Amino acid sequence: MQIDEERDSKSRVHVTLDLAEGHLANAELQTTHLNYDEAAAEAGKYCALIEDLFVFLRRLKQDSNKTRDLYKRVE
(Lines give C-alpha, C1' and ligand atoms only; values in the text may rest on other atoms or scores of the structure.)
Protein backbone atom coordinates (compact mmCIF):
# COMPACT_ATOMS: atom_id res chain seq x y z
CA MET A 1 0.00 0.00 0.00
CA GLN A 2 1.22 3.49 -0.82
CA ILE A 3 0.88 4.68 2.79
CA ASP A 4 2.99 1.86 4.20
CA GLU A 5 5.84 2.73 1.83
CA GLU A 6 6.31 6.13 3.47
CA ARG A 7 9.16 6.06 5.98
CA ASP A 8 8.86 9.64 7.22
CA SER A 9 5.87 10.49 9.42
CA LYS A 10 5.34 13.84 7.70
CA SER A 11 5.23 12.14 4.29
CA ARG A 12 2.86 9.48 5.58
CA VAL A 13 0.46 12.12 6.88
CA HIS A 14 0.66 14.03 3.60
CA VAL A 15 0.00 10.94 1.46
CA THR A 16 -2.86 9.79 3.69
CA LEU A 17 -4.53 13.19 3.56
CA ASP A 18 -4.16 13.34 -0.22
CA LEU A 19 -5.75 9.91 -0.61
CA ALA A 20 -8.53 10.78 1.83
CA GLU A 21 -9.30 14.04 0.02
CA GLY A 22 -9.51 12.12 -3.26
CA HIS A 23 -12.06 9.70 -1.80
CA LEU A 24 -14.07 12.57 -0.36
CA ALA A 25 -14.12 14.32 -3.74
CA ASN A 26 -15.21 11.06 -5.40
CA ALA A 27 -18.00 10.67 -2.83
CA GLU A 28 -19.19 14.17 -3.62
CA LEU A 29 -19.10 13.47 -7.35
CA GLN A 30 -20.99 10.20 -6.97
CA THR A 31 -23.62 11.97 -4.88
CA THR A 32 -24.20 14.56 -7.59
CA HIS A 33 -24.72 11.69 -10.06
CA LEU A 34 -27.16 10.06 -7.61
CA ASN A 35 -24.89 7.01 -7.20
CA TYR A 36 -25.42 6.72 -3.47
CA ASP A 37 -23.94 3.26 -3.00
CA GLU A 38 -20.69 4.34 -4.67
CA ALA A 39 -20.73 7.60 -2.68
CA ALA A 40 -21.14 5.67 0.57
CA ALA A 41 -18.25 3.38 -0.37
CA GLU A 42 -16.01 6.38 -1.08
CA ALA A 43 -17.06 8.04 2.19
CA GLY A 44 -16.21 4.81 4.02
CA LYS A 45 -12.74 4.77 2.47
CA TYR A 46 -12.27 8.38 3.53
CA CYS A 47 -13.27 7.56 7.12
CA ALA A 48 -11.02 4.51 7.21
CA LEU A 49 -8.01 6.55 6.07
CA ILE A 50 -8.63 9.28 8.65
CA GLU A 51 -9.09 6.70 11.40
CA ASP A 52 -5.86 4.96 10.36
CA LEU A 53 -4.09 8.32 10.42
CA PHE A 54 -5.14 8.97 14.01
CA VAL A 55 -4.06 5.47 15.04
CA PHE A 56 -0.66 6.20 13.47
CA LEU A 57 -0.38 9.58 15.21
CA ARG A 58 -1.26 8.07 18.60
CA ARG A 59 1.79 5.77 18.30
CA LEU A 60 4.16 8.73 17.97
CA LYS A 61 5.88 10.49 20.85
CA GLN A 62 3.10 12.68 22.27
CA ASP A 63 5.23 15.39 23.90
CA SER A 64 7.03 16.19 20.65
CA ASN A 65 6.65 19.42 18.68
CA LYS A 66 6.89 17.35 15.50
CA THR A 67 3.88 15.28 16.52
CA ARG A 68 1.97 18.42 17.45
CA ASP A 69 2.71 19.86 14.01
CA LEU A 70 1.41 16.68 12.37
CA TYR A 71 -1.84 16.94 14.32
CA LYS A 72 -2.15 20.57 13.18
CA ARG A 73 -1.65 19.49 9.58
CA VAL A 74 -4.49 17.00 9.93
CA GLU A 75 -6.69 19.67 11.46
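**Examining the overall build of the protein chain**
Move 1: Assigned secondary structure in the protein chain consists of 3 helices and 0 strands.
Move 2: Each helix and strand of the protein chain, ordered N terminal to C terminal, gives the series α-α-α.
Move 3: Viewed in the frame of its principal axes, the protein chain has a C-alpha envelope of about 45 × 25 × 15 Å.
Move 4: Out of the 75 residues in the protein chain, the part that is buried amounts to 27%.
Move 5: Expressed as a percentage of contacts within the protein chain between residues at least 6 apart in sequence, the contacts between residues at least 24 apart total 47%.
Move 6: Between the averaged position of the 11 positive side-chain charges in the protein chain and that of its 15 negative side-chain charges there is a distance of 10 Å.

**Some words on the pattern of salt bridges**
Move 1: What the rule picks out here adds up to 4 salt bridges.
Move 2: Among the salt bridges present, the one from Glu42 reaches Lys45, with a minimum N-O distance of 3.8 Å. Of this pair, Glu42 and Lys45 both sit in helix α2 (residues 36-58), 3 residues apart, which is roughly one turn of the helix.
Move 3: A salt bridge links Asp69 to Arg68, with the nearest nitrogen and oxygen atoms 2.9 Å apart.

**Notes on the environment of Thr16**
Move 1: Along the chain, Thr16 falls in helix α1 (residues 9-32).
Move 2: Residues Thr16 and Gln2, 14 residues apart in the sequence, show an inter-C-alpha distance of 8.8 Å.
Move 3: Ignoring sequence-local partners within four residues, the contact set of Thr16 consists of Ile3, Leu49 and Leu53.

**A word on the packing of α1 against helix α3 (residues 65-74)**
Move 1: Running from N to C, α1 and α3 cross one another at 10°; their axes reach a closest spacing of 11 Å. By the criterion of interaxial angle, the relationship of α1 to α3 is roughly parallel. Across the interface between the two elements, Ser9, Lys10, Val13, His14 and Leu17 from α1 touch Lys66, Leu70, Arg73 and Val74 from α3.
Move 2: Residues belonging to the contact of α1 with α3 are distributed by class as follows: 4 nonpolar, 2 polar and 3 charged.

Cut-offs applied
Residues numbered from 1 in each chain as written. Predicted model: local features only at pLDDT ≥ 70, side-chain atom pairs only at ≥ 80, totals over all residues. Heavy atoms only, no water. Helix = DSSP H or I, 4+ residues; strand = E, 2+ residues; numbered from the N terminus. Buried < 20%, exposed > 50% of the residue type's maximum accessible area, 1.4 Å probe, protein only. Contact = heavy atoms within 4.5 Å. Lys, Arg positive; Asp, Glu negative; His and termini not counted. Charge placed at Lys NZ, Arg CZ, Asp CG, Glu CD. Salt bridge = Lys/Arg side-chain N within 4 Å of Asp/Glu carboxyl O. Axes fitted to C-alpha atoms, helices over the stretch in contact; angles between N-to-C directions. Parallel < 35°, antiparallel > 145°, perpendicular 65-115°, else oblique. Nonpolar A, V, L, I, M, F, W, Y, C, P; charged D, E, K, R; others polar.

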